[in-house]
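# Structural overview for review
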Amino acid sequence: MVDQVAKTFSELVELKFQLYNSLFLTLPLDAVEQTGTLLPLLSEACTHGLDQGLSPAEIVQNFFEVHRPQFGEQEQIQFLFKVIQYVERQVVLVDALEDASYSRIHRVAGKGSLVQLVERARDNDLNDKLGELLENFGVRVVLTAHPTQFYTGPVLAIISDLTDALSKDEVGTARDLLQQLGNTPFFQKEKPTPFDEAVLLTWYLGNIFYPGIGDIVDKLAEFHPDKVTANQELISIGFWPGGDRDGNPFVTTETTLRVAAKLRYTILSCYHQNIRALKRRLSFRDTYKRLEALEQSLHQELSESAISEPLSMEHFLRELDEIESVLVEQHQGLYRDQLQSFRRKLKLFGFHFASLDIRQDSRIIATAFKSVSAKVPGLLPDDFDQRDDAGKIDCLLQIRGSVNPQDFEEPVLQDTLASFGVIRRIQALNGPRAAHRYIISNCRGPVDLARVHALFRLCGWGDEAITADIVPLFETVDDLRGAGEAMSAIYEHPIYRAHLQQRRSRQTVMLGFSDGTKDGGYLMANWSIYRAKEDLTRVSRAAGVEVLFFDGRGGPPARGGGDTYLFYAALGKKIESNQIQMTVQGQTISTLYGIKAAAVHNMSQLLTAGLENNLYERPERELDAEQRTLLMTLSESSYRAYDAFKKHPLFLPYLEEMSTLKYYAMTNIGSRPAKRGGGSSLAFEDLRAIPFVGAWSQLKQNVPGFYGLGTALKAQEDAGRWEDCVALYQRSRFFRALISNSMQSMKKTNFELTRYMEKDPRFGGFWTTLHEEYQLSRAMVLKISGQKWLLEDNHRSRMSIQLRERVVLPLLTVQQYALMRIQQARSSGEGETLELYEKMVMRSLFGNINASRNSA
C-alpha cells in the first residue's frame, strides 16, 4: 500500500507537473526576458551551485555571465522579478494538481476514516455508545485573520477552475487558465481592511464549508439520525476576522457589526440556493407553495426589500416539518432525505453561519478597566491593589453599574469597552450562537477573567445573565504551568460558578501553541500544553465543570500545526476531549479547506480522532509515571537549550539583519501590524509568532520546529537512557506525533542555502550553532524512529515537500541574493538600488509561503 501511494503521487502529481509546467514555460508571457526558457537553467544552476558550496550571489552572477552577459544591473533585476512571478505560478500549478487528485493521494476512505470508524463501532457492539457520543461531541474549526494568505480573490478563483480542468485532463482549458494566471497579479497594492479579510473567507464558508459539513453530517445521520440531528455543535465554524482586535487597532465595533451582517447574508444566500434546489424536486402542489414562501422571505432580506415580518428559525423549522409530513403521507417520502439534509444545515448554521469571537489582550483590558475605575468614583475600594488575588476576584465579580464607552476619547479604549455590548447586539440580530465568546489573550490568571466579567456588567449587561463565555488564552510556559491553579481559583467563587451554571457548566480554555513555542521551544511548549490540559481537566472535573479546550494552532509544527490528527488521536483519559476546537489560518485554510474533498477529509479526521478517543481504550494514549518523568526530563533539557539560544546576544540581530522578518510588514496581506508595541526597536516579547516562525521558514532553517530536540535526546543517550527513549517512541502516540511533526519541519530545511553565512564575521558562529543543532536533531529523530530518511513512513508528505522545495529553490536563491545585495547597498549608500532589492525580498515571500502550504 505504501508503494502504491508513492506510485499514485508520482503519476498524478509529479509527472503531470512536468507536462503542464513545460506547457506553462512556453506560454508567450514575456518575449523580451524569455524567463520561461531560462528558468529551468537557473533552477539547475541553483541545485548544482549549492551542492558545490557557492553562495546565492555567486550562483546568480555566474548564471548571468553564462546566459545573459549583456544584461546590466537594471535588466538583471527585472529578470529576477520575472523569475519570482514564474515560480509563484508554478507553485499554483502544484497546488492545483494535488487538489485535483486529492481523494486518491490521501486515501480518504481508507484506514482511520470516519466511515470506517462507524462500521468498526457497529462490528464491536459499540453502536449505542457511538450514538451517545454523537449527541454531545463537537468539532469547531475557527478561521482566523492572521496574515499568511497570499492568494488574492481572483487567483483563488483561477486555482479552483484550474483544479477542475486538471481533474478532467482538459489540457486546452488548463493552458488558457495558466496563461490567465500568468497575467493576473498576485500582489495587493493596498493593505486589506479587516472587513476585506472577512469577505475573502466567506467564500470558503459558502462554497466549501456549507456543502462539505452537510455531506459529513448527512453520512453520520444514516447511522444515527436522531442523535446527529439533535446536536447543533457536531461541526461548527468559528470566525475571527472583524472580531479579533488583539494588536489590531483597525478592528472596531463598526467592523464587527458589518462582519456579523456579512455572515448572516452569506448563510441566507446558501439557504436561498438550497431552497431553490429543493423546489426543483418537491414540485408537488402542497409542498411547492410552502417552499416558495420561504424562498420569498429570504429573497426579501437579501434584496433589502420591505420585509413583512422578521425571519424566524422556529417558523422555518416548523414549515419544513409540515412539508416532511406531507411527503411521508402523500408522496411516499420522495426526496425526504434532501429535505432532512436542509433542516440539519439550518440547525447547524442558524442565521449566523459562523460564531464571531471577540478577542483582546489582557493588558489592554486591564488598561481599559483602570480608566473606567478612575472615571467612576467608588467602583473599587481604596485598598484594591493591595488585596491578594482572591480579594480582587471577589471585588471584581460583585461590581455593578453602567459605563458609556462614548465617554472615553482614546479609540482603542473606547472600542474595548464597546466590544462587550456589541456581543448583545449581534446575538439579538443573528441568534445566541452568533457571538458568544470573549477571549483574553495573554491571560495571566483568574483576576483577568474576573475583570472581563466586571466589564460585561458595566458595559451593557447590567444584572442580566451574561450569555457569553469568558475564555482565557494561556500562552507562555509559566502561564501554562499555572493554568490549572488559575481556573481552580475562579471556580471557587460562587458568582462565577453561577455564571458557569447558566453556560451549561462548561468552561472554554484556549491554549496557545504559537506563542508557547516562541517562548519555550518546540518540545517544552507541546509538553506544557499537554500537562496544562491534564491539570485543567482535573480541577474542572473536581469543580463539576466540563472544560472545552480551544487550541490556538498555526500552520507549521512550530505553531501547533502539521498533522493535527496525530495529536488529537493521542490524548489520554486524563484530558477532556468531548470537543475539538482549533484555529486555522492563512494559506493553511486554502491547503486544508480549499476544495470540498479536502475540507470533508480534514474535518472528518478531527471527528474520527475525537470520537475514537472516547470510544476505545488505547494503552498507547496513556502515559505511565516513568514515561512522564522522561518526557519532563526531555522537555526541560530542550528548554534549557532553546532558552540559551533565544537569549544569545545575536538572536534578534540575526533575525533583523539576516532574515526576512521585517519584510512581512510590507506585504499588504493582512490588516494587523507585524509586531506588538509601537516602538521602533525590536523586543522579543513584541514579536508576533507568524513573522517569527515565517522568518525562520524563509531562511529554510525552521528553527522553532526542532531546536533543542536533538540536544535533549542526545543527553539521554549519553546518560545511558536511550532504550527508554526508544520505548517511549514505540509506546506513546503523543511522543510519536511530536517526532513526526518535527520531521516535517526538518524536511523543509535547507542549510546549504545559507551556508555562506558560516563565513560571516559577525554571524558565522551563530549560524554554525543552528546548523549543528539541526544536524543533531535530524540524526536523533532518525535513530529513535528507525527511519533511514525523514518522513520515510509518510510517502505523500515527503514527495509533496520534495517537489515543492525543488520548484521554489530558484525563488529562495533570488531572495538570499537580494538580501546580500541589500547589505552591500546599505554600506555603499545605493538608495535606489536598495529600494528595488527590498521590494524583491518582499515579493519573494509569497511563493515560498504558498509552496510550504503551512509555513507560518
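Just above, that's the structure.
### Quick notes on the overall build of the protein chain
Summing up its helical and strand segments, the protein chain has 36 helices and nine strands in all. The globule rule puts the C-alpha radius of gyration for 856 residues at 29 Å, and the 28 Å found for the protein chain is close to it. A principal-axis box enclosing the C-alpha atoms of the protein chain has dimensions of 80 × 70 × 60 Å. For the protein chain, the proportion of its 856 residues judged to be buried stands at 62%. In the protein chain, the proportion of contacts linking residues at least 24 apart, taken out of those at least 6 apart, comes to 81%. One way to put it: in the protein chain the 98 positive side-chain charges average out to a point 2 Å from where the 107 negative ones average out.

### What about the nonpolar core?
One finds F239, Y271, F456, Y654, W696 and F735 to be the most contacted residues of the largest nonpolar core, which totals 272 residues. Considering each element in turn, this core owes the most residues, 15 residues, to helix α35 (residues 795–828). Those residues in contact with W696, other than ones at most four positions away along the chain, are F645, F651, Y654, L655, Q701, N702, V703, P704, F766 and L770. Core analysis: the second largest hydrophobic core is formed by seven residues, W240, L473, M510 and F550 among them.

### Details of the sheet that holds strand β7 (residues 506–512)
Reading across from one edge, β3-β2-β1-β9-β8-β7-β6-β5-β4 is the order of the nine strands in this open sheet, with parallel pairing throughout. Both edges of this open sheet fall to β3 (355–356) and β4 (358–361), since each of them pairs with a single strand only. Looking at chain direction, β7 and strand β8 (residues 546–552) are connected through seven bridges and run parallel. Bridge pairing in β8 links L511 to D551. Packing of helix α18 (residues 411–430) onto the sheet brings it into contact with β3, β4 and β5 (437–441), and relative to β5 it is tilted by some 155°. Relative to the sheet, helix α21 (residues 483–491) contacts β6 (469–474) and β7, its axis offset from that of β6 by approximately 155°.

### Focus: the environment of L263
Among the structural elements, L263 can be located in helix α12 (residues 253–281). Residues L263 and G206 lie 57 residues apart in sequence; the distance between their C-alpha atoms is 9.7 Å. The residues touching L263, leaving out its near neighbours within four places in the chain, are T202, L205, F239, H352, F353 and A354.

### Overview of the pairing of β4
Burial along β4 is two-sided: the residues I358 and Q360 and R359 and D361 are all buried. Of the strand pairs in this sheet, β4 and β5 are connected by four bridges, and their pairing is parallel. Following the sheet pairing, I358 is matched in β5 by Y438.

### Remarks on the environment of E292
Structurally, E292 can be placed in helix α13 (residues 285–302). Considering only alpha carbons, one finds E292 and G131, 161 residues apart in sequence, at a separation of 35 Å.

### A word on the side chain of R343
With respect to the secondary-structure elements, R343 resides in helix α15 (residues 336–349). Of the polar contacts made by the side chain of R343, one reaches the side chain of D321; its length is 3.0 Å.

### Remarks on the packing of helix α4 (residues 73–100) against α35
Angle between the axes and distance between the axes are the two parameters that describe a pair of packed helices. Contact geometry of α4 with α35 gives a least axis separation of 10 Å together with a crossing angle of 160°. It follows that α4 is roughly antiparallel to α35 by the angle criterion. Judged by the sense of rotation from one axis to the other, the crossing of α4 with α35 is left-handed. Packed against α4, whose contacting residues are E73, Q76, L80, V83, I84, V87, Q90, V91, V94, D95 and E98, the element α35 presents S800, L803, R804, V807, V808, P810, L811, V814, Y817 and R821 at the interface. Considering only residue class, the contact of α4 with α35 consists of 13 nonpolar, three polar and five charged.

### Some thoughts on the pattern of salt bridges
Tallying each qualifying case throughout the model produces 53 salt bridges. A salt bridge links E98 to R804, with the shortest nitrogen-to-oxygen separation between them at 3.6 Å. With E98 in helix α4 and R804 in helix α35, this pair connects stretches of sequence that are 706 residues apart. Note that K168 and D164 form a salt bridge whose closest N and O atoms lie 3.2 Å from each other.

### Quick word on the packing of aromatic side chains
Each aromatic ring pair is described using two quantities: the centre-to-centre distance and the angle formed by the ring planes. For the structure on display, the rule yields 38 aromatic pairs. Between Y654 and F763, the aromatic rings sit 5.7 Å apart at their centres with planes inclined by 65°, giving edge-to-face as the arrangement. Of this pair, Y654 sits in helix α29 (residues 651–658) while F763 sits in the loop between α33 (733–747) and α34 (764–785); the two residues are 109 residues apart in sequence, bridging distant segments of the chain. Accessibility expressed as a relative area gives 0% for Y654, which makes it buried. The class of F763 is buried, set by a relative accessible area of 2%. An aromatic cluster of at least three residues, connected via ring pairs, comprises Y642, F645, F651, Y654, F692, W696, Y707, F763 and F766. Seen from the ring of F408, K375 lies directly overhead, with NZ or CZ sitting 5.2 Å from the centre.

### So, the pairing of β5
With five of five residues buried, β5 lies mostly within the body of the structure. Burial of the side chains of β5 extends over both faces: R437, I439 and S441 are buried on one face and Y438 and I440 on the other. In this structure, β5 lies alongside β6, joined through four bridges in parallel fashion. When the sheet's bridge partners are listed, I440 is paired in β6 with P472.

### Re α15
The terminal C-alpha atoms of α15, which comprises 14 residues, lie 20 Å apart, in line with the 20 Å expected from a rise of 1.5 Å per residue. Listed as buried for α15 are L339, S341, F342, R343, R344, K345, L346, L348 and F349. Where α15 is buried, its residues meet α10 (194–221), α11 (225–230), β2 (235–239), α12 and α14 (313–330).

### Considering unusual backbone geometry
Positive phi is not limited to glycine here, since Q332 has a value of about 55°. Looking at where Q332 falls in the secondary structure, it is placed in the loop between α14 and α15. On the basis of relative accessibility, which here comes to 72%, the residue Q332 falls in the exposed class. Even without being glycine, N442 reaches a positive phi, approximately 55°. Tracing the chain through its elements places N442 in the loop between β5 and α19 (446–461).

### Remarks on α21
All buried positions along α21 are accounted for by A483, G484, A486, M487, I490 and Y491. Projected onto a plane normal to the axis of α21, the buried residues spread over an arc of 160° and lie on a single side.

### Re the packing of helix α24 (residues 522–542) against helix α28 (residues 625–646)
Direction vectors running N to C along α24 and α28 enclose 135°, while the axes themselves pass 8 Å from each other. In terms of their interaxial angle, α24 and α28 are classed as oblique. Two packed elements cross with a definite hand, and for α24 against α28 that hand is left-handed. Of the residues in α28, those in contact with L523, M524, W527, R531 and E534 of α24 are R628, L631, M632, L634, S635, E636, S638 and Y639. Along the lines of polarity and charge, the residues of the contact of α24 with α28 split into seven nonpolar, two polar and four charged.

### Concerning the state of the cysteines
Inspection of the entire model under this criterion finds zero disulfides. Summary of cysteine pairing: C443 is not part of a disulfide, and the nearest cysteine sulfur, belonging to C395, is at 18 Å.

### Details of the side chain of N248
Position of N248 relative to the elements: it lies in the loop between β2 and α12. Within the local environment of N248, its side chain forms a polar contact with the backbone nitrogen of F250, the two atoms lying 3.0 Å apart.

### Quick word on the environment of T660
With respect to the helices and strands, T660 occurs in the loop between α29 and α30 (689–698). Taking the C-alpha atoms as reference points, T660 and V841, 181 residues apart in sequence, are found 7.2 Å from one another.

Calculation criteria
Residues numbered from 1 in each chain as written. Predicted model: local features only at pLDDT ≥ 70, side-chain atom pairs only at ≥ 80, totals over all residues. Heavy atoms only, no water. Helix = DSSP H or I, 4+ residues; strand = E, 2+ residues; numbered from the N terminus. Rg over C-alpha atoms; globule rule 2.2 N^0.38 Å. Buried < 20%, exposed > 50% of the residue type's maximum accessible area, 1.4 Å probe, protein only. Contact = heavy atoms within 4.5 Å. Lys, Arg positive; Asp, Glu negative; His and termini not counted. Charge placed at Lys NZ, Arg CZ, Asp CG, Glu CD. Core = buried A, V, L, I, M, F, W, Y, C linked by side-chain atoms within 4.5 Å. Pairing = 2+ DSSP bridges. Axes fitted to C-alpha atoms, helices over the stretch in contact; angles between N-to-C directions. Polar contact = N/O pair within 3.5 Å; in protein donor to acceptor, adjacent residues only side chain to side chain. Parallel < 35°, antiparallel > 145°, perpendicular 65-115°, else oblique. Left-handed = near helix turned anticlockwise from the far one by under 90°. Nonpolar A, V, L, I, M, F, W, Y, C, P; charged D, E, K, R; others polar. Salt bridge = Lys/Arg side-chain N within 4 Å of Asp/Glu carboxyl O. Phe/Tyr/Trp six-rings, centres within 6.5 Å; stacked < 30°, edge-to-face > 60°. Lys NZ or Arg CZ within 6 Å of the ring centre and 35° of its normal. Expected span 1.5 Å × (residues − 1). Arc of directions from axis to C-beta. Disulfide = S-S within 2.5 Å.

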